[in-house]
Amino acid sequence: MKKNDARILVIDDEQDVRNSLVIFLSTCGFSKVDTAKSAKEGVEKAETGQYDLIILDLIMPRQSGWDALEKIRAKKIKTRVLVLSAVGLPNVVKDEVRAHYPRVGFLPKTNAASELLSVVTDMLETDAGPI
Amino acid sequence: MKIRQKTLIITGLSVAIVLIGLYLMVYMLMSESVASIETSNLVNIAYDAKMRLGDESMQVDRTLGDWATWDDTYNFMQEPGADYIRSNLEDASLAAANIDIIGFYNVEGTAILLKMVKTGAAAPPPTPQELISPEADAPFLVAKNELANSSAENHAHGLMVVDERLTAVAAQPILTSKGEGPTHGTLLMGKYISHATISRLGGANNSNLDIEAWLMTDNMPQDARFAIAELLKSGDEVLVKNLDTKYHAAYSVVMDLYGRPVAVLRIERGRTERAQFETSMYYMMVAFTVIAVFFELLNFVLLNRFVLSRLNELEDQAEVIGKSDRHPKRISLKNPKDEDEISQLAVNINRMLARLSATQDELLRGHINYNRQLHREVKQKTRLLENANMRLKRVEKMKNRFLFSIGHELKSPLSVIEMNMAAIMSGKESPRQLQDSQMMINRNMLLLKQKIEEIIQLSSFEQSRAMKKERLDFCEIARGSVGVYRDFARVKNAKIHAACSTKHVMVMGDRRLLQYALDNLLSNAVKHCNSRDIHVKVWQEKGYVFFSVADNGPGIKPENRQKLFQRFFKEDPNGPGTGVGLFITREIAHGHSGSVVYRPNKPNGAVFIFSIPTKQEGG
């Protein structure tokens with residue numbers, strides 16, 4: 001899939017994080033990057049089925065990233081999901097995510113600048129499907 | 001050892017000691033008396049024997065009297081003739097008269113005629129020399145004086161050793177039948193003291209005597225010899241010696257006519273008094289033994305009946321009580337009316353048991369109360385401990401959440417900074433994106449700084465670090481904070497409206513801490529404003545400067561208002577923030593002798609009012 005064609009949804013409660021990801025991804029060639037400031041908004045947008053990749057934060061007020069994952073699975077939304085989180089120990093969180101959602105990717109936020117492009121590129125080459 | 005045995009032993013010993021003592025006392029006292037009596041008796045016997053011995057010569061003297069005061073004898077002395085001899089001096093006649101020797105002496109003391117009487121078939125003994133030629137002062141020559149008459153003082157009788165035989169002799173002056181003189185000489189008669197005679201000296205009532213007489217010769221037995229020596233030394237007439245426990249003997253010196261000791265009379269006798277005494281003492285001992293046994297038995301029966309049985313009863317009941325449970329029975333003796341020491345002891349024991357029961361009950365009650373009290377206190381303490389533990393766990397949990405969230409609070413701004421830096425470095429940003437990246441980098445650098453400051457402050461408070469106070473303008477700090485957070489608010493599509501009643505308010509404060517406190521309140525307001533405007537006010541009143549921040553966000557739920565300023569408290573545990581901001585802000589207020597309070601805003605939202613005195617002590 002061409003970068004320009006990929007539709008990416010960023011779900012994070014922090015505006016600066018959302019804006020940073022939009023700017024960063026755009027410098028990486030991804031121009032179709034949408035944002036949602038809450039898990040609820042993000043799931044509603046994901047339901048439309050038009051996103052090739054969802055970048056999801058775990059720690060959000062009211063409904064967390066975990067709630068969002070659960071709803072995406074329940075609604076059988078076909079997409080790809082990358083959890084981008086700054087909370088806890090990366091390996092622990094990664095194992096936790098993979099244990100419940102084997103098809104979901106994980107990247108610590110602190111590694112976003114260095115690895116996000118390669119991870120997003122790799123994920124977009126996989127098949128979209130229910131998580 | 002039981003009391004019964006002790007009692008029996010004591011009483012038995014007491015009785016035995018008394019009786020033995022009594023026996024010994026009686027024995028000792030009586031023994032002396034008995035010894036005295038037997039000695040006295042034997043002495044009397046000895047005296048009697050000597051007297052009887054003396055009687056022998058008196059008897060001869062009596063016999064002699066018929067011959068000495070007789071005309072025939074008187075005339076014979078004038079003209080000794082054979083007729084007289086033939087008629088009167090026949091052996092048989094003389095023997096019948098118990099005469100063994102007859103001698104006629106003239107006035108000069110010369111023996112005219114001496115006859116030794118022949119007895120039996122044996123030849124008469126030879127005439128002893130002492131009779132043939134008596135000494136001139138021989139006492140039996142009583143008629144040396146022609147004027148000697150028949151009065152007793154002219155008689156001589158006694159014992160002599162004649163022919164080595166003890167002889168009873170008598171001598172009288174020869175006078176007419178009328179007893180007239182002048183005397184024609186001395187008539188002497190003698191009778192041998194035979195063994196039989198000696199044996200009979202004790203008298204008819206003393207047939208158990210063994211009497212012997214020994215002449216003073218070398219043949220005398222040793223004991224007689226010693227007795228003589230003692231008698232002569234002491235001057236006593238009789239000496240009594242105990243031969244053994246059964247016999248004793250009396251010794252007495254026999255004097256002759258001359259007054260010289262010629263023989264020893266020894267009277268041996270059985271110690272009958274001693275034997276009777278010993279027998280009596282034996283019976284006494286038997287009697288005492290019987291009495292002792294009887295007394296002991298009686299003692300035993302009476303003691304048992306009146307004392308020991310009651311003691312046993314007391315003991316048995318005490319034993320039962322000793323094994324019983326908390327409320328023991330009381331002692332109840334069979335004859336309670338016996339007001340003796342045992343009854344009194346039973347009464348005292350019962351009193352003691354009653355007190356013991358009462359004390360036990362009291363102790364038990366005390367124990368129960370103590371246990372209850374202890375249980376209550378333990379429960380209370382446990383509750384307190386549990387509460388403290390729960391608080392600790394909560395704090396621990398909150399601390400862990402803080403540590404958990406501080407990572408997120410730091411990493412998020414960092415990742416924003418990194419991504420924007422990467423975007424800038426890529427050179428592919430649009431001018432607008434470049435500007436946005438710069439602004440985001442600035443904001444998130446401030447956020448990082450604030451979070452790092454929070455960590456430092458939290459650490460400082462835990463280490464009780466002192467504030468560095470200085471004289472500063474509170475309004476200047478307020479303006480600085482408002483200026484920084486206007487930008488943050490803009491990101492949230494909100495505005496900060498600030499109103500300051502005065503340009504300058506001088507306080508004594510720690511600049512960095514005050515900055516943090518005001519930043520924290522503004523940061524919270526911006527976070528929770530829901531894109532609505534924020535109103536900030538600064539004013540002075542009654543010696544204090546006030547800084548209030550009011551937002552129109554959701555506000556704080558009533559149930560959380562009490563916990564708002566607690567360390568690590570977050571209304572939404574998953575929400576943004578570390579939960580320590582308000583806690584640190586309050587600590588800063590208190591450190592400046594001020595306060596920070598919450599008020600709900602109307603119609604909704606939160607108002608935080610931070611105040612410190614305008615005049616403070618130097619820090």
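Attention here is on the structure that accompanies the text.

Conventions adopted
Residues numbered from 1 in each chain as written. Chains lettered and ligands numbered in written order. Predicted model: local features only at pLDDT ≥ 70, side-chain atom pairs only at ≥ 80, totals over all residues. Heavy atoms only, no water. Axes fitted to C-alpha atoms, helices over the stretch in contact; angles between N-to-C directions. Helix = DSSP H or I, 4+ residues; strand = E, 2+ residues; numbered from the N terminus. Parallel < 35°, antiparallel > 145°, perpendicular 65-115°, else oblique. Left-handed = near helix turned anticlockwise from the far one by under 90°. Contact = heavy atoms within 4.5 Å. Buried < 20%, exposed > 50% of the residue type's maximum accessible area, 1.4 Å probe, protein only. Phe/Tyr/Trp six-rings, centres within 6.5 Å; stacked < 30°, edge-to-face > 60°. Lys NZ or Arg CZ within 6 Å of the ring centre and 35° of its normal. Polar contact = N/O pair within 3.5 Å; in protein donor to acceptor, adjacent residues only side chain to side chain. Buried area = accessible area lost by both parts, 1.4 Å probe. Salt bridge = Lys/Arg side-chain N within 4 Å of Asp/Glu carboxyl O.

**Concerning the packing of helix H12 (residues 511–528) of chain B against helix H13 (residues 581–591) of chain B**
All names here are of chain B.
- Axis separation between H12 and H13 bottoms out at 9 Å; the angle between their running directions is 140°. With respect to their mutual orientation, H12 and H13 come out oblique. Remark: the crossing between H12 and H13 carries left-handed chirality. Of the residues in H13, those in contact with Leu 513, Leu 514, Tyr 516, Ala 517, Asn 520, Leu 521 and Asn 524 of H12 are Gly 581, Leu 582, Ile 584, Thr 585 and Ile 588.

**Overview of unusual backbone geometry**
Residues and elements named next belong to chain B.
- With omega at 5°, the peptide bond leading from Lys 602 into Pro 603 counts as cis.
- Relative to the helices and strands, Pro 603 is located in the loop between strand E15 (595–600) and strand E16 (606–613).
- Even without a glycine there, the phi angle at Ser 531 is positive, about 65°.
- You can see Ser 531 is positioned in the loop between H12 and strand E13 (534–541).
- A positive phi angle is found at Lys 542, which is not glycine, with a value near 50°.
- Within the element layout of this structure, Lys 542 appears in the loop between E13 and strand E14 (544–550).
- You can call Lys 542 exposed: its relative accessible area is 78%.

**Considerations on the packing of aromatic side chains**
All names here are of chain B.
- For the structure shown, the criterion picks out 16 aromatic pairs over all chains.
- Between Phe 76 and Tyr 84, the aromatic rings sit 4.4 Å apart at their centres with planes inclined by 25°, giving stacked as the arrangement. Here Phe 76 matches Tyr 84 in class, with each residue buried.
- Here Phe 565 and Phe 608 contribute two aromatic rings whose centre-to-centre distance is 6.3 Å and whose plane-to-plane angle is 80°, an arrangement assigned as edge-to-face. A residue pair is termed long-range when its members are at least 10 positions apart, and Phe 565 in the loop between E14 and H13 and Phe 608 in strand E16 qualify at 43 residues.
- Classification of Phe 608 as buried rests on a relative accessible area of 7%.
- In this structure an aromatic cluster arises from ring pairing among Trp 67, Trp 70, Phe 76, Tyr 84 and Phe 104.
- Across from the ring centre of Tyr 192, 3.8 Å away, lies the NZ or CZ of Arg 165, which sits over that ring.
- In this arrangement the basic side chain of Arg 260 is found over the ring face of Tyr 258, its NZ or CZ atom lying 4.1 Å from the centre.

**Comments concerning the environment of Asp 57 of chain A**
- For Asp 57 of chain A, the position within the fold is in the loop between strand E3 (53–56) and helix H3 (65–74).
- C-alpha separation for the pair Asp 57 of chain A and Ile 11 of chain A, spaced 46 residues apart in sequence, amounts to 6.2 Å.
- Setting aside anything within four residues of it in sequence, one finds Asp 57 of chain A in contact with Ile 11, Asp 12, Asp 13, Gly 65, Leu 84, Ser 85 and Lys 109 of chain A together with His 408 of chain B.
- Here Lys 109 of chain A takes part through its side chain, which lies 3.5 Å from a polar atom of the side chain of Asp 57 of chain A.

**Considerations on the interface of chain A and chain B**
- Taken together, the 24 residues of chain A in the interface contact 26 residues of chain B.
- Summed over both partners, the interface of chain A with chain B buries about 2200 Å², with 62% contributed by carbon and sulfur atoms.
- Considering only the surface of chain A that becomes buried against chain B, Asp 16, Ile 23 and Thr 27 of chain A emerge as the three largest contributors, covering 26% of it.
- Applying the counting rule to chain A against chain B returns one salt bridge.
- The partner of Arg 443 of chain B in a salt bridge is Asp 16 of chain A, with the nearest N and O atoms 2.8 Å apart.
- Those elements that place two or more of their residues in the side of chain A that touches chain B are helix H1 (15–27) and helix H5 (112–124) of chain A.
- A per-element tally of the side of chain A that touches chain B places H1 of chain A first, with ten residues.

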